[in-house]
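Each chain, written out:
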Amino acid sequence: MLFVIIRGPAAVGKSTISKIIAEKIGALHVSFDDILSKHNLDIIEGDGISAENFVKGNKLALDTITKLKQKTVVLDGCFYREEQMNHFMKHFIGKHFIFTLKAKIEECLLRNKERGNPMPENAVRDVFKLVSERDYGTIINTSGKTINQVVQEILNHLPLKLLLQF
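Keep in mind that this is a model prediction, so the values were computed, not measured. (Residues numbered from 1 in each chain as written. Predicted model: local features only at pLDDT ≥ 70, side-chain atom pairs only at ≥ 80, totals over all residues. Heavy atoms only, no water.)

Observations regarding the overall build of the chain
Rule in force here: Secondary structure follows DSSP: runs of H or I at least 4 residues long count as helices, runs of E at least 2 residues long count as strands, and numbering of each begins at the N terminus. The reference for a compact globule is 2.2 Å times residues^0.38; the radius of gyration itself is calculated from the C-alpha atoms. Three exposure classes are used, based on accessible area relative to the maximum for each residue type with a 1.4 Å probe and protein chains only: buried under 20%, partly exposed in between, and exposed over 50%. In what follows, residue pairs with any heavy atoms lying within 4.5 Å of each other are defined as contacts. In this description, accessible areas are obtained by the Shrake-Rupley approach with a 1.4 Å probe, and a residue is regarded as covered only by the protein chains that are shown. Counted as positive: Lys and Arg. Counted as negative: Asp and Glu, with His and the chain ends omitted from the count. Lys charges are placed at NZ, Arg charges at CZ, Asp charges at CG and Glu charges at CD.
Check the secondary structure of the chain and you find eight helices and seven strands. What you see for the chain is a C-alpha radius of gyration of 15 Å, in line with the 15 Å of a compact globule of 166 residues. Referenced to the eigenvectors of the C-alpha coordinate spread, the extents of the chain come out at roughly 45 × 35 × 25 Å. Here the chain, with 166 residues, has 45% of them falling under the buried criterion. In the chain, the proportion of contacts linking residues at least 24 apart, taken out of those at least 6 apart, comes to 79%. Within the structure as shown, the chain displays about 8900 Å² of accessible surface, and the carbon and sulfur contribution to it stands at 52%. When the 23 positive and 19 negative side-chain charges of the chain are each reduced to one mean point, those points stand 7 Å apart.

Structural data, given as structure tokens:
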């Protein structure tokens, strides 16, 4: 199994970019936010969603992916808890590529306002801070780039030979 993980702060473009990449490489797209929401695990406690709820979300995501028997998966989410990433690395079987999308907070706030259902500004700032505490994988700066430019940059990091195996 091959996983492409797209992580980053709120409103950086993770979902849009992940869906396009999944389509281009013939993969299943899984939104971690959707899993958390569907199972009422997206409860904000203290400085954000708890590590425990994120790990529960990991288990649900893995269960869903396993049942669908998809060989290549593009998974997007904030992934700001170290415990969640450690659990992910230990339990998700297969090769994985992690991309951390970065932008300035002002860009994220602006993009958030353009959403159909924007998050409160303080929530965007809180998630931005939490995500920015740790970098994983390949860092992709989205500032001043179009969605297609970011997609192409990520695709350039994925070995075509490996994708063809899956």
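Structural notes on the sheet that holds strand 5 (residues 72-77)
The cut-off we apply is this: Paired strands, as defined in this entry, are two strands with at least two bridges between them according to DSSP. Note on geometry: axes are C-alpha line fits, over the in-contact stretch for helices, and angles between N-to-C directions span 0 to 180 degrees.
One open sheet holds the five strands; their spatial order is 2-5-1-6-7, and the pairing between them is parallel. Strands at the two margins of the open sheet, each flanked by one partner only, are strand 2 (28-31) and strand 7 (138-141). Strand-to-strand, the axes of this sheet are offset by a mean angle of 20 degrees, without reference to chain direction. With six bridges connecting them, strand 1 (residues 2-7) and strand 6 (residues 95-102) associate as parallel partners. In the strand pairing of strand 6, I5 is matched with I98. Contacting strand 1, strand 2, strand 5 and strand 6, helix 1 (residues 14-25) crosses the sheet at an angle of about 175 degrees to strand 5.

Section: the packing of aromatic side chains
The condition that has to hold: Pairing of aromatic rings covers Phe, Tyr and Trp, the last counted by its six-membered ring, and requires centre-to-centre distances within 6.5 Å; plane angles under 30 degrees mean stacked, over 60 mean edge-to-face, and any other angle means tilted.
Taken as a whole, this structure holds five aromatic pairs when the rule is applied. In this structure an aromatic cluster arises from ring pairing among F3, F32, F54, F79, Y80 and F88.

This is a description of form; function is not addressed.
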